[in-house]
Amino acid sequence: MRIVIVGGSFAGIQAAVSLRNDCPESEIIIIEKQGRIGFIPNSVNLILKGEFHEEAHHYWMTKEQLAQEHQVEVRTETEVVALNSDKNQIQLQDGELLHFDYLVIATGSHQRFRFSTQENDTIWTIKDPKTSQEFQQRISTSKKIAVIGAGQVGLELIEGLANLGKELHLYESQSTVLFRYFDPEMIKPLYRELNDRGIRFFLNEQVQEIIETEQTEIFTENRSETYDLVLLANYTRPDNQLWEESLQLNDDGTIWVNDYLQTSQENIYAIGDAIQVTYRPTQEKMYVSLVNNAIRTAKIASKNISGQLKKDLGTYRPIGNHWFGHYFGSVGLTESESIFYPGKIKTHYLTTRASATNQESINIKVLLTEDGKLIGAQCHSQAVIFYLLDRLTLAVEEGWTLADLEAREFFFQPEFRAPTALVKVVDPFDED
């Protein structure tokens, strides 16, 4: 059996690895149009912060590793130009017709500005694996830089640029930064850090037009500003035009899939950023561009291709990150989006110590259903919180109550765990 995977990013690589285990006798081929596979998009931030020094660090896995460790054939710099689903063939750019028994579409997503006709020398995305030298050269010669989009990627870029002595502006069309993941009171420390570093941020400002002249000019309803460089950290979407004649697409351009991640052609699967997934708190289908989804959907598609039928239940959207010395984590429903939840929601604020040897507090906001089950949580601290975020994610997935969460056994080591329980606080956290 031949399984062809189109796309060599997280979803495509995970699909290949899982398929090797689930379908050990199959021939597995990855088609990737770039020169290398496994590019890590947020490596740009790590380059700017000086934490990545070698180009090899920018990639999760190499084609040689996939070939040697998993017996997967990887064809790089090879582009698919057509799909003939009736004959189970894809056509490659050089004219070759490649037969498949199963096809997995893992073509990921791209960043672009909706109102700009094209990318140019002063408008860059961070999804493409351009050489770090080229990117760093462009940054070094730019005095005034704009970042569009204050989600995770935008904040990573701003943090990476903050110590380089540039004039930085951050644009966000929503009323808060990280609006998908945090309620406003949980991210006050970020606003303080942006102000302290002289970074101007414009909330509720939709960038309406970008015009390139000698510099690049950004227009919103409230202002126009010129920049030496504009970095796009918004509007991540897949480009599925190649498949639209053969496969059913959703209105937002994603590929329609059923609960088993099959497309409208039963032997063709789509995963990762190419599809919508179910947001479990509200059971809505939505576009969620996260590596979590890429990995999960790749594993599920592999099981289904092997005949071990498994539904994709969807995501609670766990994310965690570290910006300007602060750790943030979020999973599940936020209070801002609870209007979309069919039942009533209760909100509690909690705190706990970071560990037995660290007095730093971890501030936690939890959302509970009427019967007390966790359906969302957000946390912030200047100490590492990711162990707690994992625990909260498990609690949300399993529908635990706070009492269930406290009762579960987890290992204790004083440098990394606090023996104290979660403590309820009366008022929302006020960092001002």
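Coordinates for the structure precede this section.
Reading the values: rules and limits
- Residues numbered from 1 in each chain as written.
- Predicted model: local features only at pLDDT ≥ 70, side-chain atom pairs only at ≥ 80, totals over all residues.
- Heavy atoms only, no water.
- Helix = DSSP H or I, 4+ residues; strand = E, 2+ residues; numbered from the N terminus.
- Rg over C-alpha atoms; globule rule 2.2 N^0.38 Å.
- Buried < 20%, exposed > 50% of the residue type's maximum accessible area, 1.4 Å probe, protein only.
- Contact = heavy atoms within 4.5 Å.
- Areas by Shrake-Rupley, 256 points an atom, 1.4 Å probe, with all protein chains shown as cover.
- Lys, Arg positive; Asp, Glu negative; His and termini not counted.
- Charge placed at Lys NZ, Arg CZ, Asp CG, Glu CD.
- Pairing = 2+ DSSP bridges.
- Axes fitted to C-alpha atoms, helices over the stretch in contact; angles between N-to-C directions.
- Parallel < 35°, antiparallel > 145°, perpendicular 65-115°, else oblique.
- Left-handed = near helix turned anticlockwise from the far one by under 90°.
- Nonpolar A, V, L, I, M, F, W, Y, C, P; charged D, E, K, R; others polar.
- Salt bridge = Lys/Arg side-chain N within 4 Å of Asp/Glu carboxyl O.
- Phe/Tyr/Trp six-rings, centres within 6.5 Å; stacked < 30°, edge-to-face > 60°.
- Lys NZ or Arg CZ within 6 Å of the ring centre and 35° of its normal.

Novice: Please explain the overall build of the chain as it appears in this structure.
Specialist: Along the chain, the regular secondary structure elements total nine helices and 26 strands. A compact globule built from 432 residues would reach a C-alpha radius of gyration of about 22 Å, and the chain, at 23 Å, matches this within 12%. Dimensions of the chain, computed from C-alpha atoms along their principal axes, come out at roughly 65 × 60 × 40 Å. Counting all 432 residues of the chain, 53% fall into the buried class. Considering only intrachain contacts with a sequence separation of at least 6, the fraction spanning at least 24 residues in the chain is 62%. Here the chain has roughly 19800 Å² of accessible surface; of this, 44% comes from carbon and sulfur atoms. Between the mean site of the 40 positive side-chain charges and the mean site of the 62 negative ones, the chain shows a separation of 4 Å.

Novice: Can you walk me through the sheet that holds strand β3 (residues 73-75) in this structure?
Specialist: With respect to topology, five strands assemble into an open sheet ordered β3-β2-β1-β7-β18, the strand pairing being parallel. Only two strands of the sheet have a single partner each, and these edge strands are β3 and β18 (268-270). For this sheet the average axis-to-axis angle between neighbouring strands, irrespective of direction, equals 20°. Against the sheet, helix α1 (residues 10-22) engages β1 (2-6), β2 (27-31) and β7 (102-105), with an angle of about 175° to β2.

Novice: Hey, could you run me through the sheet that holds strand β9 (residues 123-125) in this one?
Specialist: Hydrogen bonds between backbone groups are what pair the strands of a sheet, and the pairing can be parallel or antiparallel. Here we have five strands laid out as an open sheet, ordered β9-β16-β10-β11-β12, and parallel in their pairing. The open sheet terminates on both sides in strands that have one partner only, identified here as β9 and β12 (200-202). Between one strand and the next, the sheet's axes are offset by a mean angle of 20°, whatever the strand orientation. Bridging between strand β10 (residues 144-148) and strand β11 (residues 167-171) involves five bridges; their strand directions are parallel. Bridged to Val-147 within β11 is Leu-170.

Novice: So what exactly am I meant to see when it comes to the packing of α1 against helix α7 (residues 291-305) here?
Specialist: Relative orientation of the contacting elements α1 and α7 amounts to 30°, with a least axis distance of 8 Å. One finds that α1 runs roughly parallel with respect to α7. Crossing of α1 against α7: the hand is right-handed. Across the interface between the two elements, Phe-10, Ala-11, Gln-14, Ala-15, Ser-18, Leu-19 and Asp-22 from α1 touch Val-291, Ala-294, Ile-295, Ala-298, Lys-299, Ser-302, Lys-303 and Ile-305 from α7. Among the residues forming the contact of α1 with α7, the class breakdown is nine nonpolar, three polar and three charged.

Novice: Would you mind showing me how to read the pairing of strand β14 (residues 216-219) here?
Specialist: Across a regular strand the side chains alternate sides, sitting on one face of the sheet and then on the other. Only one face of β14 is buried, namely the one carrying Thr-216 and Ile-218, since none of Glu-217 and Phe-219 on the opposite face is buried. Of the strand pairs in this sheet, strand β13 (residues 209-212) and β14 are connected by four bridges, and their pairing is antiparallel. Counterpart to Ile-211 in the pairing with β14 is Glu-217. Counting the residues between successive antiparallel strands, the hairpin from β13 to β14 contains three residues.

Novice: What exactly am I supposed to notice about the pattern of salt bridges here?
Specialist: Two side chains with opposite charge may pair up if their charged atoms get near one another. Summed over the entire model, instances satisfying the criterion amount to 12 salt bridges. Of the charged contacts in the structure, one is a salt bridge between Glu-96 and Arg-75, with a shortest N-O distance of 3.1 Å. Separated by 21 residues along the polypeptide, Glu-96 in the loop between β5 (89-92) and β6 (97-99) and Arg-75 in strand β3 bring together distant segments of the chain. Through salt bridges with shared partners, a single ionic network connects Asp-183, Glu-185, Glu-335 and Lys-365.

Novice: Quick question: what am I supposed to make of the pairing of strand β21 (residues 319-323) here?
Specialist: Going residue by residue along β21, you find Ile-319, Asn-321 and Trp-323 tucked away on one face and Gly-320 and His-322 left uncovered on the opposite face. As paired elements, β21 and strand β22 (residues 326-332) share five bridges and run antiparallel to each other. Across the sheet, Gly-320 pairs through a bridge with Gly-329, a residue of β22. Between β21 and β22, which pair antiparallel in sequence order, lie two residues; one of them, Phe-324, sits at a positive phi of approximately 50°.

Novice: Whenever I open this one, the packing of aromatic side chains confuses me. Can you help?
Specialist: In this description, a pair of aromatic rings is defined by centroid distance and the angle of the planes. The full count for this structure, using the stated rule, is nine aromatic pairs. Between Tyr-171 and Tyr-227, the ring centres sit 6.3 Å apart and the planes meet at 85°, which makes this aromatic pair edge-to-face. Taken together, the residues Tyr-171 in strand β11 and Tyr-227 in strand β15 (residues 224-227) connect sequence positions 56 residues apart. The pair Tyr-171 / Tyr-227 is uniform in exposure class, with both members buried. Where Tyr-191 meets Phe-201, the ring centres are 5.5 Å apart and the plane angle is 20°; that geometry is what we call stacked. Of this pair, Tyr-191 sits in helix α6 (residues 188-196) while Phe-201 sits in strand β12; the two residues are 10 residues apart in sequence, bridging distant segments of the chain. The buried category is assigned to Tyr-191, whose relative accessible area is 16%. Every member of this aromatic cluster is reached through a ring pair, and the members are Tyr-171, Phe-202 and Tyr-227. The ring of Tyr-59 carries the charged tip of Arg-36 above its face, separated from the ring centre by 4.0 Å. Its guanidinium or amino end placed over the ring of Trp-400, Arg-408 lies 4.3 Å from that ring's centre, counting from NZ or CZ.

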